[in-house]
Each structure stands twice: as C-alpha cells, then as structure tokens.
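Structure at a glance
Each chain, letter by letter, is given below.
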Amino acid sequence: SRTAARAADGEIEIGGVSAGALAARFGTPLYVVDETDARSRARELRDVFAAEAARVGSSAKIYYAGKAFLSIEVARWMAGEGLSIDVCSGGELAVAVAAGVDPARIGLHGNNKSLAEIDRAVSAGVGVIVIDSAIEVERVAEAARRHGRVQSVRVRVNSGVHAHTHDFLATAHEDQKFGVRLDQAEEFAEAIRSHPELHFLGLHCHIGSQIFGSEGFAESAARLLDAHAALLGGGEVPELNLGGGFGIAYTTADDPTPIAELAAAIVDAVAGECARLGIPVPALAFEPGRSIIGTAGATLYEVGTIKDVLVSVPGENGAHADEVRKYVSVDGGMSDNARPALYGADYSVRLANRVSDADPALVRIAGKHCESGDIVVQADYLPSDVQPGDLLAVPATGAYCWSLSSNYNYLGRPAVVAVEGGQARLIVRRETEHDLLARDAAYTGERVGDQ
Ligand code: LLP
C-alpha cells in the first residue's frame, strides 16, 4: 500500500551500515549482501530440513546452488554453516575450490559438461557428479579410471512435474534439455553399477524455481520414489535429491510458504510414499539458491534524471483516466539486474538516503541502457520530492542479479559489499574502464588474429 511504501522510506541501514555511507565509500550502483541474513537463512534451511528428516528416521543435506550468487567469500559462508555447494560449470567449481571448500562437499551439475570440466571435477575429488545423459556415464567413468578414483554419481531425471511459480503442472511428455526420462532410471542405474569406478548415489530432480507451495515437490517426490523403489532390487540407493526452487517474496504481492511448513510438507510426502512402498526413507538432499541469498541482497542506485509521463489508467465504468507516472532513471539497470527484462520479474523500491514528508508518487524505475525494456521496478511509490542525487534501494536482489550481470553498453559491473554488525567490506571490486577494455586485442597492443 502507499502508506506501507512510505513507511519503508527513510535513511535505510543494511547490516547496521547506512545506505549513504555505503554509497559514499563504494559508489553506486552497489550490490550489498547482508552476511548475517545469508548465514542465518543457510542455517535455517539446514536445521529445518535436518529436523524434519530426523522425524522420519532420515537425514537431509543442503547444497547451496552457487548459480544464484557465488564468490569466494559467499562459498566460505555457506561451507562455514555446514552446507555443501552445488556448482554447474568449471568456473563455479574453480570458485568453490579457491574458497577452500572440501571437494567432498561439492556437487557438479550441467547438461553439457566439457571433458575438461569432468576431468577437473574428478581430479579435485568432488563428492558427486550429476549425470545428465548416457554419454556422461562413459565420460565420468573414463575420467575416474584415469585418476584411479571411485566417483559418486547421481542421475538427473525428469519427474514430469513443472512448477510455474505459483502452481504446478504434471505432464507425461518432456520437451526440455535437462535430465533423462524417469522410465530410463533403471537402465542408467544398471549402466552405472556396471562400472566399478562409479558409485550410484540415487536420483535427482529439480522441478523449477521461485516455487511458493509444496504440491509440486510432493508430486515429484512421489514419482521419483516409485523409480527409486524399483532400483533397490539391483543394489543400494542411498540418497534422493529433490533439487532447489523454494520461492521468496520480491514484493508484497508474493506469499511463499514459510520454509518450515514447506519442509514439513515435503518430508511428510516422502515418508508417506515410502511407507506406501514399504521402503526405508532415503537420505534426502536439496539445492536451494535463491531462498538463501535472495533476500540477503539489495542494490543501491543513485537517481540521475526524472521525468513525468502521462499514462492512461483504467478508471471506473470502463473509463480511462490520465495519471502522472514519474520515470526515475538510475545509474544501473538491465546490466546489473536482467530479471525484469528476462522474466518480467517485479521488484520494489525505497528512498534510501533521507526521510521525506512528501506525498507518494507513482514511479517506474528505469535503468540507463539504450533499450526501452530496461526497467528495474515496474510500478511502486516514492515520495514525490524524489530528486537527482537521491539514493534508492531495491531489496531482494541477492539471487540471479550479480550472477546474470553483463557489460551491456560497456557498463562495468558494480562492486559487491558484504555488511555485518555495522561493518562493510568489499568482496568483489567494481569493474573499471581498464577491465572493460583489457580483452580488446587492439587496446592491449596484441595483434588481432594472433589466436
Ligand atoms: N538445482 C538445479 C539443478 C537448478 O537448475 C537450480 C536453478 C537450482 C538448484 C537452484 O534453484 P533456486 O533454489 O535458486 O530457485 N535465472 C532464473 C532462475 C534460474 C534457475 C536455474 N536453476 C531467475 O533469475 O529467476
């Protein structure tokens, strides 16, 4: 509501540091990550799932999905809270390794891992590689032989359950690139078990992202457990990995199920299905990213220009009324947050540097890129006296903003700052003009075409 939006405006502090102090010291746009918040979300997920699993005589392991946001520092927070790390490329693996994460607590994903990525993962001693196609069984076995190791693997399957944010859909046909058909689980398990250098851990399924309810997870788990039970005839199946995807609130319109409730419902569904099948509850694993780091992050921007645009809004009795919408342009945009342009994602905004008594005004927060879809916040309210030089905070940008960032229009990527207990420290520095030019062969003096 307008009142709620106004109440949130003011001199905002994140992790005990004022927005003004952060902007003055590190510049804008700026990603700010609240370490206490990220760590406590990691602990909450770990503890809640562990307690629920223990209730049904099992255990639960949490992999932090690094794709949401990964830096050496963040990998250390997660490992420090007892989480494992899920990586999906050689680059993410390099960050986790550089962070000193115990390789046994790293899992590697990907539908097209290169031979080099597989080799590096096996030689580093990663705990698990997720098999996504038949050819990977051979590739991982070959790498394991070469390094004289036994590599644990799981198989990513399609449960046929698709979560579309607020609801889910169960279909019989799969037309997407990830995983293998559920009815192929047995042949994959057999192929893996035929290789002495591979150890079969079980099945994996990820049904989607930004999911609010438990129904999709419950349906997917039920389908997976049928296949899981059938595999028990051929040997041990120690684990079941149900993926990530727990949703967060980006605006007041979002109402995700609290994590404790979600975990209880998922574990109840798993236990119920196991009882029906007459099998022991396997050790469970999950891979949340967004629900750990999403709300721990915020982006600070500085307002550059403002213009009033007359828009026609639907009024009473089918009539339309003109309303003024302020286009408030900030010093970043789709290069630091691609989600509105990519997914139509919605965010909210707050005035961050001062308290204002002015009436609320309808605003749209635009970026500075040469593209009309470059919008950070579609519609929200700010005090009508918002002016150039003001600082704005956009909450809940911790997940899939920095990791999806680009240099579009040759903007440098913002710095990332961690805040905790009134202290701020740089964890990734801002890109400079030199960074932007450094790979240009003509700039560095190398001859174009040398490679
Ligand atoms: N596990 C697997 C195999 C995944 O593919 C993903 C996300 C996750 C775990 C973590 O999902 P989370 O808990 O963070 O929802 N760029 C999109 C989201 C893409 C998610 C890709 N996979 C966005 O910004 O909404």
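Residues numbered from 1 in each chain as written. Predicted model: local features only at pLDDT ≥ 70, side-chain atom pairs only at ≥ 80, totals over all residues.

Within an unreviewed UniProt entry, the label attached to the chain reads Diaminopimelate decarboxylase, and the organism entered is Herbiconiux aconitum. For the record of the chain, the UniProt heading Pathway (unreviewed entry) holds the text "Amino-acid biosynthesis; L-lysine biosynthesis via DAP pathway; L-lysine from DL-2,6-diaminopimelate: step 1/1." Taken directly from UniProt, the Catalytic activity (unreviewed entry) text for the chain runs: "meso-2,6-diaminopimelate + H(+) = L-lysine + CO2". (UniProt positions renumbered as here; feature names shortened; annotations may be inferred.)

Attention now moves to the nonpolar core. With 131 residues, the main nonpolar core has Ile-85, Leu-300 and Leu-392 as its most contacted residues. Residue assignment places this core across two domains, with domain 1 (2-33 + 295-437) and domain 2 (35-291) each supplying three or more. Ignoring anything within four residues of it in the chain, the contact list for Ile-85 reads Tyr-63, Tyr-64, Gly-66, Ala-75, Met-78, Ala-79, Ala-96, Val-101, Arg-105 and Ile-106. (Core = buried A, V, L, I, M, F, W, Y, C linked by C-beta atoms within 7 Å. Buried ≥ 20, exposed ≤ 12 C-beta atoms within 10 Å, placed from the backbone. Domains from an automatic or database assignment. Contact = placed C-beta atoms within 7 Å.)

You can see His-166 is positioned in the loop between β9 (161-164) and β10 (167-170). Classification of His-166 as partly exposed rests on a count of 13 C-beta atoms within 10 Å. When the C-alpha positions of His-166 and Gly-216 are compared, they lie 9.9 Å apart, and in sequence the two are 50 residues distant. (Helix = DSSP H or I, 4+ residues; strand = E, 2+ residues; numbered from the N terminus.)

Glancing now at the packing of helix α6 (residues 115-124) against helix α7 (residues 134-147). At a minimum axis distance of 9 Å, the contact between α6 and α7 shows a crossing angle of 45°. Between α6 and α7, the angle is such that the two are oblique. You can see that α6 and α7 cross each other, and the crossing is right-handed. Here α6 contributes Leu-115, Ile-118, Asp-119, Val-122 and Ser-123 to the contact with α7, which in turn contributes Arg-139, Val-140, Ala-143, Ala-144 and His-147. Its residues placed into classes, the contact of α6 with α7 shows 6 nonpolar, 2 polar and 2 charged. (Axes fitted to C-alpha atoms, helices over the stretch in contact; angles between N-to-C directions. Parallel < 35°, antiparallel > 145°, perpendicular 65-115°, else oblique. Left-handed = near helix turned anticlockwise from the far one by under 90°. Nonpolar A, V, L, I, M, F, W, Y, C, P; charged D, E, K, R; others polar.)

Moving on, we get to the UniProt feature "binding site: substrate" (unreviewed entry) in the chain. Under the feature "binding site: substrate" (unreviewed entry), the UniProt entry names Arg-290, Arg-339, Tyr-343, Glu-371 and Tyr-400. An extended arrangement is adopted by the annotated residues: their sequence extent is 111 residues, and the largest C-alpha distance between any two is 27.1 Å. Within the secondary structure layout, Arg-339 lies in helix α12 (residues 339-343). Filtering out sequence-adjacent residues up to four positions away, Arg-339 remains in contact with Ala-345, Tyr-400 and Cys-401. Position of Glu-371 relative to the elements: it lies in the loop between β18 (360-366) and β19 (375-383). Residue class for Glu-371 comes out exposed when judged on the 12 C-beta atoms lying within 10 Å of it.

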